[in-house]
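# Observations on the model geometry
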Amino acid sequence: MKDDQEDLFEQEVEALITAINAHYGYDFSGYARASVYRRIRRFMDNKRLPGIPELQQAVLRDSYFFEGFLQEVTVNVTEMFRDPSFFLSLRQHVLPRLSTYPHIKIWDAGCSTGEELFSLLILLEEEGLLKRTKVYATDINQKVLKEAREGIYPARSIAAYTAGYYAAGGKREFSSYYTSNYGGIKFNSSLLKNVLFYPHNLATDFSFNEFHLIICRNVLIYFTRELQEKVYALFDESLVPLGYLGLGKKETLTLAGISKDFEVIDKSNRIYRKIR
Amino acid sequence: MLHRLRNNDSDLQSVYARKLALQVQEIEEKETLAPGNVYIAPPNYHVLLEKDLSFSLDSSELENFSRPSIDVTFASAARVLGKGVAGILLSGANSDGSKGLKAIAEKGGLAIVQDPAEAEVATMPAAGLRLTPACRVFTLQKIQDFLTSLL
Ligand SMILES: C[S@@+](CC[C@H](N)C(=O)[O-])C[C@H]1O[C@@H](n2cnc3c(N)ncnc32)[C@H](O)[C@@H]1O
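Remember, it's a predicted structure, so these values are computed and weren't measured experimentally. (Residues numbered from 1 in each chain as written. Chains lettered and ligands numbered in written order. Predicted model: local features only at pLDDT ≥ 70, side-chain atom pairs only at ≥ 80, totals over all residues. Heavy atoms only, no water.)

## A short note on the domain arrangement of chain A
All names here are of chain A.
- Taken domain by domain, chain A holds domain 1 (4–73) and domain 2 (84–274).
- Domain 1 and domain 2 are separated by 29 Å when their C-alpha centres are compared.
- Contact with domain 1, which involves nine residues of that partner, is made by eleven residues of domain 2.
- Together domain 1 and domain 2 conceal approximately 960 Å² of surface at their shared face, both sides included; 53% is due to carbon and sulfur atoms.
- A per-residue breakdown of the area domain 1 buries against domain 2 is headed by Gly-30, Tyr-31 and Gln-71, which together make up 46% of the total.
- Linking domain 1 with domain 2 are zero salt bridges, by the criterion used here.
- Per element, the largest residue contribution to the side of domain 1 that touches domain 2 is three residues, and it comes from helix H4 (residues 63–73).
- Considered class by class, the residues forming the side of domain 1 that touches domain 2 number four nonpolar, three polar and two charged. (Domains from an automatic or database assignment. Contact = heavy atoms within 4.5 Å. Buried area = accessible area lost by both parts, 1.4 Å probe. Salt bridge = Lys/Arg side-chain N within 4 Å of Asp/Glu carboxyl O. Helix = DSSP H or I, 4+ residues; strand = E, 2+ residues; numbered from the N terminus. Nonpolar A, V, L, I, M, F, W, Y, C, P; charged D, E, K, R; others polar.)

## Considering the UniProt feature "domain: CheR-type methyltransferase" (unreviewed entry) in chain A
- Under the feature "domain: CheR-type methyltransferase" (unreviewed entry), the UniProt entry names residues 1–275 of chain A.
- The span residues 1–275 of chain A is 42% helical and 19% strand by assignment, and the distance between its end C-alpha atoms comes to 50 Å. (UniProt positions renumbered as here; feature names shortened; annotations may be inferred.)

## A short note on the sheet that holds strand E5 (residues 184–187) of chain A
Residues and elements named next belong to chain A.
- Overall, antiparallel pairing links the three strands, which are arranged E3-E5-E4 in an open sheet. On the outer flanks of this sheet lie strand E3 (152–154) and strand E4 (178–181), each paired with one strand and no other. Along the sheet, successive strands turn relative to each other by an average axial angle of 30 degrees, direction set aside.
- Sheet topology note: the E4/E5 ladder contains four bridges and is antiparallel. Along E5, the bridge assignment pairs Ser-180 with Ile-185. (Pairing = 2+ DSSP bridges. Axes fitted to C-alpha atoms, helices over the stretch in contact; angles between N-to-C directions.)

## Some words on the nonpolar core
Residue and element names in this part refer to chain A.
- Core analysis: the largest hydrophobic core is formed by 60 residues, its most contacted members being Ile-40, Leu-55, Phe-69, Leu-202 and Phe-235.
- Lining this core are residues from two domains, each supplying at least three of them: domain 1 (4–73) and domain 2 (84–274).
- Once residues within four sequence positions are removed from consideration, Ile-40 is found in contact with Phe-9, Val-13, Leu-16, Ile-52, Leu-55, Phe-69 and Val-73.
- In terms of nonpolar packing, the next biggest core, distinct from the first, is built from 42 residues, Phe-86, Leu-130, Ala-148 and Phe-197 among them. (Core = buried A, V, L, I, M, F, W, Y, C linked by side-chain atoms within 4.5 Å. Buried < 20%, exposed > 50% of the residue type's maximum accessible area, 1.4 Å probe, protein only.)

## Quick word on a nonpolar patch on the surface
- A cluster of nonpolar side chains, Leu2(B), Tyr16(B) and Leu20(B), forms an exposed patch at the surface whose accessible area comes to about 240 Å².
- As for its placement among the helices and strands, Leu20(B) is situated in the loop between helix H1 (12–19) and strand E1 (23–26). (Patch = residues over 30% accessible without salt bridge, like charges linked within 9 Å, V, L, I, M, F, W, Y side chains within 5 Å. Areas by Shrake-Rupley, 256 points an atom, 1.4 Å probe, with all protein chains shown as cover.)

## As for the packing of helix H5 (residues 84–98) of chain A against helix H6 (residues 115–126) of chain A
Residues and elements named next belong to chain A.
- Close contact between H5 and H6 brings their axes to 11 Å; oriented N to C, the two are set at 40 degrees. For the element pair H5 / H6, the angle class is oblique. Helix-helix and strand crossings are classified by hand; for H5 and H6 the assignment is right-handed. Along the contact surface, H5 presents Phe-87, Leu-90, Arg-91 and Leu-95, while H6 presents Glu-116, Ser-119, Leu-120, Leu-123, Leu-124 and Glu-126.
- Taken together, the residues of the contact of H5 with H6 sort by class into six nonpolar, one polar and three charged. (Parallel < 35°, antiparallel > 145°, perpendicular 65-115°, else oblique. Left-handed = near helix turned anticlockwise from the far one by under 90°.)

## Here we look at the interface of chain A and chain B
- Counting residues at the interface gives 31 residues for chain A, matched by 27 residues for chain B.
- Here chain A and chain B share an interface that buries about 2,400 Å² over both sides, 38% of which is from carbon and sulfur atoms.
- When the buried surface of chain A facing chain B is broken down by residue, Arg38(A), Ile221(A) and Lys250(A) rank first, second and third, together holding 28% of it.
- Counting across the interface, chain A meets chain B through 14 salt bridges.
- One salt bridge in this structure joins Asp3(A) and Arg79(B), with 3.2 Å as the shortest N-O distance.
- At the surface where chain A touches chain B, the tally comes to 23 residue pairs in polar contact (both at pLDDT 80 or more). (Polar contact = N/O pair within 3.5 Å; in protein donor to acceptor, adjacent residues only side chain to side chain.)

## Observations concerning the pattern of salt bridges
- Using the criterion set out here, one finds 27 salt bridges over all chains in the structure.
- For the salt bridge of Glu126(A) with Arg91(A), the shortest nitrogen-to-oxygen distance reads 3.1 Å. Here Arg91(A) lies in helix H5 and Glu126(A) lies in helix H6, a separation of 35 residues in the sequence.
- Residue classification places Glu126(A) among the buried residues on the basis of a relative accessible area of 9%.
- One salt bridge in this structure joins Asp236(A) and Lys274(A), with 3.4 Å as the shortest N-O distance. With Asp236(A) in helix H9 (residues 225–237) and Lys274(A) in strand E10 (residues 271–274), this residue pair connects regions lying 38 residues apart in the sequence. Taken individually, Asp236(A) and Lys274(A) each receive the classification buried, so the pair is uniform in this respect.
- Look at the salt bridges and you will find they share partners, linking Asp3(A), Glu6(A), Asp7(A), Glu10(A), Lys51(B), Arg79(B) and Lys107(B) into a network.

## Considerations on the site of the ligand
Residue and element names in this part refer to chain A.
- Surveying the vicinity of the ligand reveals 22 residues, the closest of which are Tyr-31, Thr-78, Arg-82, Asp-139 and Asn-201.
- Here an oxygen atom of the ligand and a side-chain polar atom of Asn-218 are 3.0 Å apart.
- Against a free-state accessible area of 610 Å², the protein chains account for coverage of 99% of the ligand.
- For the shell around the ligand, the class distribution of residues is eight nonpolar, ten polar and four charged. (Near = heavy atom within 4 Å.)

## Brief notes about the confidence of the model for chain B
- Residues with a pLDDT of 70 or more make up 96% of chain B, whose mean pLDDT is 92.
- The complex model carries a pTM of 0.94, and its ipTM stands at 0.90. (pLDDT = per-residue confidence, 0-100.)

Shown next as structure tokens:
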């Protein structure tokens, strides 16, 4: 593509972002642009839309179409026990500390279709904490929350997830947590007993509770530094003193304004603790 | 950029650091591209370059069965750096990178492939050459000379 075509494309994306915010109240202005451009191009290719003006028209006219667009722009790709060492570290370093509280509250922010949530719930179950823990699972996208609530995943992922489970220190038979049918696996709904699902937009919504542990992985990489700062402040505000924060493998508090208020619990697994 | 196993913490960085006088590092998200550095794409993330020369990471779908995908990074670098990019495709077992190399050439950057006759696996450089017939075909020795000339 020619430079002036790309300039135009990028200007039109800015106008689209403004229009979507005005129409639907979803604010994407704090999303890192290179990734947004790529997602929008992908979506336009799939839907065979010739340009942004056509996309904008369709998105604003049809809220169902917008849902699909939202789905594409907010990357939902996830898996169970993604980076098993993170979950192993939670099990070894964080859960034993949380077990000293009579009631535990955890926020899984940007939980997508629930694979990360079920990984966490299984850990809690095995460490004997599930019954006294409330987990708030949130995402900007209602559709993924619905899928998370169902807890049904394709059977072809089982081998990888089973390996992840054992690498994360799994203590039982992984298959004891789900039933298989019709090419899928469904996680036991007893795991979800203390889970609350809510739509929550990290870019615009406020703190809604205080937590002993917040997990937010592979969400902040899509945000600009400015929006990241805002979300870190939100997490800071939403953690009890000595609460823990777990980020994605390539996300770090190092450059964040709040970093001086946190200590590093596990550097390579990006686990931090609020000390001030 | 290297296609490698996911969840693999193999310490490529120190392997290269031992051999090079340059700073070698695995990319952290939002880090800014700076002169005199060699950056390695982290396993399991796509790498994109923003206008302000910071890196964005992206864990979305595989592209060409790969994450990181060379196409993704080359295309975004071509957009941001234009003539200031040289893209080199070395030995590799799929055609990832060929579209990105084309984008680099179209923006006036330098497109190079390793001579497929010499590459251990010719698929990747051959695909690059097919899509950008005007690209330069260099032996490893020549690639080395070229990179040294940049320092
Ligand atoms: C790549 S997934 C990460 C899922 C999981 N945490 C993991 O690491 O595998 C990113 C998730 O963040 C959600 N997300 C994107 N923007 C958001 C926002 N502003 N507020 C809350 N969630 C958001 C997306 O809908 C998506 O489900």
